[in-house]
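Chain residues, written in single-letter form:
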Amino acid sequence: MKKDDGEKFYLRVGRRIQKARSEKNLTREDVAKNINISVKFLYEIESGTKGFNVNILYKIAKELDVSCDFLLGCCSIGTICREQCMDDVIATFDKEELPSVRKVLSTLGEFLEIHQKSAKLLED
């Protein structure tokens, strides 16, 4: 994994941790105390500026009552959870890249529509 990819990975996971914590109405102080890490370290994890080991990931997931797969952006079957992390993925692009991202998504949407119509015709 390239350095930039690693940084984006930690940023995406950090955002999911922050979102799950907020949805549970827990403060950083609460979570940090309960899993025996500093508030500063949890902040750094959530902001994507520090990495973490699997033990810390497990403790955070357990405290937030979510799966490690969810925090990592994967479903239990190992596929990307599109509905849950699309905002995280889009947020990793620079403003200059967004028109290209929109074009790719639009093209994929058109392709899926054509594919679905073809599949339906084959069924009939």
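Small disclaimer: the values here were computed from a predicted structure and weren't measured.

1. Some remarks on the overall build of the protein chain
Across its full length, the protein chain holds seven helices and zero strands. If you list the helices and strands of the protein chain from N to C, you get α-α-α-α-α-α-α. Residue burial in the protein chain is summarised as follows: out of 124 residues, 24% are buried. Put simply, the protein chain shows about 9,100 Å² of open surface, and 54% of that area lies on carbon and sulfur atoms.

2. Let's talk about the packing of helix α2 (residues 28-35) against helix α3 (residues 39-46)
At a closest axis distance of 9 Å, the pairing of α2 and α3 adopts a crossing angle of 110°. If you check the angle between α2 and α3, you find them roughly perpendicular. Taken as a pair, α2 and α3 cross one another with a handedness that is right-handed. Contacts from Arg28, Glu29, Val31 and Ala32 in α2 reach Val39, Leu42, Tyr43 and Glu46 in α3. Across the contact of α2 with α3, the residue classes break down as five nonpolar, no polar and three charged.

3. Description of the nonpolar core
Nonpolar side chains in soluble globular proteins tend to be buried together. Formed by 16 residues in total, the largest nonpolar core has its most connected members in Ile17, Leu42 and Ile60. Put simply, the parts of the chain that give this core at least two residues each are α1 (3-23), α2, α3 and α4 (54-64). Broken down by element, the residue count for this core peaks at five residues, all from α4. Beyond its immediate sequence surroundings of up to four residues, isoleucine 17 is in contact with Leu42, Ile45, Glu46, Ile60, Leu64 and Leu71.

Cut-offs applied
Residues numbered from 1 in each chain as written. Predicted model: local features only at pLDDT ≥ 70, side-chain atom pairs only at ≥ 80, totals over all residues. Heavy atoms only, no water. Helix = DSSP H or I, 4+ residues; strand = E, 2+ residues; numbered from the N terminus. Buried < 20%, exposed > 50% of the residue type's maximum accessible area, 1.4 Å probe, protein only. Areas by Shrake-Rupley, 256 points an atom, 1.4 Å probe, with all protein chains shown as cover. Axes fitted to C-alpha atoms, helices over the stretch in contact; angles between N-to-C directions. Parallel < 35°, antiparallel > 145°, perpendicular 65-115°, else oblique. Left-handed = near helix turned anticlockwise from the far one by under 90°. Contact = heavy atoms within 4.5 Å. Nonpolar A, V, L, I, M, F, W, Y, C, P; charged D, E, K, R; others polar. Core = buried A, V, L, I, M, F, W, Y, C linked by side-chain atoms within 4.5 Å.

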